Amino acid sequence: MFRITVTALAALLLAQSGPALAEEEVPYWVSLRADEANMRVGPSESYPIEWVYQRVGLPMKVVRKLSGWRLVEDPDGTRGWIVSRFLSLERTAIVTGDEPAAIRAKPEKTGKLLWRAEPGVSGELGECRDGWCRFAVGEKSGWMAENRLWGTGEP
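So, here's what we can say about the structure. The structure presented is a predicted model; accordingly, all values stated were derived computationally and were not measured.

With respect to the side chain of threonine 92
Within the fold, threonine 92 resides in strand E8 (residues 92-95). Owing to a relative accessible area of 5%, threonine 92 belongs among the buried residues under this scheme. Polar side-chain contacts of threonine 92 include one of 2.7 Å to the backbone oxygen of glycine 57. Discounting residues that sit within four places of it in the chain, threonine 92 has contacts with Ser31, Gly57, Leu58, Pro59, Gly123, Glu124, Leu125, Trp150 and Gly151.

A few points about the pairing of E8
The alternating pattern of E8 places Thr92 and Ile94 on one face and Ala93 and Val95 on the opposite face, and all of these are buried. In this sheet, strand E11 (residues 122-129) lies alongside E8 in antiparallel orientation, the contact comprising three bridges. Note that in E11 the partner of isoleucine 94 across the bridge is serine 122.

Here's the deal with the pairing of strand E1 (residues 28-32)
Counting buried residues along E1, five of its five residues qualify, which places the element largely inside the surrounding structure. Side chains Tyr28, Val30 and Leu32 of E1 all project onto a buried face; the interleaved residues Trp29 and Ser31 project onto the opposite face, where all are buried too. Direction of pairing for E1 relative to strand E4 (residues 59-66): antiparallel, over a ladder of four bridges. Paired with tyrosine 28 across the two strands is valine 62, which belongs to E4. Of the pairings in the sheet, the one linking E1 to strand E7 (residues 87-88) comprises two bridges and is antiparallel in character. Bridge pairing links serine 31 to serine 88 in E7.

A short note on unusual backbone geometry
Between valine 26 and proline 27 the backbone carries a cis peptide bond, its omega angle lying at -5°. Along the chain, the position of proline 27 falls in the loop between helix H1 (6-23) and E1. For serine 67, which is not a glycine, the phi torsion comes out positive at approximately 50°. Relative to the elements of secondary structure, serine 67 occurs in the loop between E4 and strand E5 (69-73). A relative accessible area of 68% means that serine 67 is categorised as exposed.

Looking at the packing of aromatic side chains
The final tally for this structure, using the stated rule, is one aromatic pair. Here tryptophan 29 and tryptophan 150 contribute two aromatic rings whose centre-to-centre distance is 5.0 Å and whose plane-to-plane angle is 85°, an arrangement assigned as edge-to-face. With a gap of 121 residues between them, tryptophan 29 in strand E1 and tryptophan 150 in strand E14 (residues 149-150) connect regions that are remote in the sequence. Judged by relative accessible area, tryptophan 29 falls into the buried class, the value being 9%. Note on tryptophan 150: relative accessible area 18%, which makes it buried. The ring of phenylalanine 86 carries the charged tip of arginine 85 above its face, separated from the ring centre by 5.0 Å.

Rules of the game
- Residues numbered from 1 in each chain as written.
- Predicted model: local features only at pLDDT ≥ 70, side-chain atom pairs only at ≥ 80, totals over all residues.
- Heavy atoms only, no water.
- Helix = DSSP H or I, 4+ residues; strand = E, 2+ residues; numbered from the N terminus.
- Buried < 20%, exposed > 50% of the residue type's maximum accessible area, 1.4 Å probe, protein only.
- Polar contact = N/O pair within 3.5 Å; in protein donor to acceptor, adjacent residues only side chain to side chain.
- Contact = heavy atoms within 4.5 Å.
- Pairing = 2+ DSSP bridges.
- Phe/Tyr/Trp six-rings, centres within 6.5 Å; stacked < 30°, edge-to-face > 60°.
- Lys NZ or Arg CZ within 6 Å of the ring centre and 35° of its normal.

Next comes the structure, spelled out in structure tokens:
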């Protein structure tokens, strides 16, 4: 008969859930999953709404957790509380700057120019390396200079 101690079972469960727990350590990146999400001045529905976001995929940085609420920072630096069910661990980024940003075929300045993304465009964030990040908007994807994206690197 096979027996397992409670301590061994707990160690096994923690080992299996390790990566998921690491993603939840503050700070970490998220994106909006809801068509409409209220940002409140405090972590409860009794607090006033400061902003209403209507942009699925907008990247946010979680800076604090409290029960089912997350204190987030948006790309403009605004902070407030959002219910965690409106957030996704899917990584996205938003184009920054004043001019369109080049999307290239290779992660290098001399890579073939595929297209340009206007500031404010958000998309799926892929691998980042050597100052370049894989960035996809709809069916289009390529490499963009990391310094033109908000939502990359360590939060």
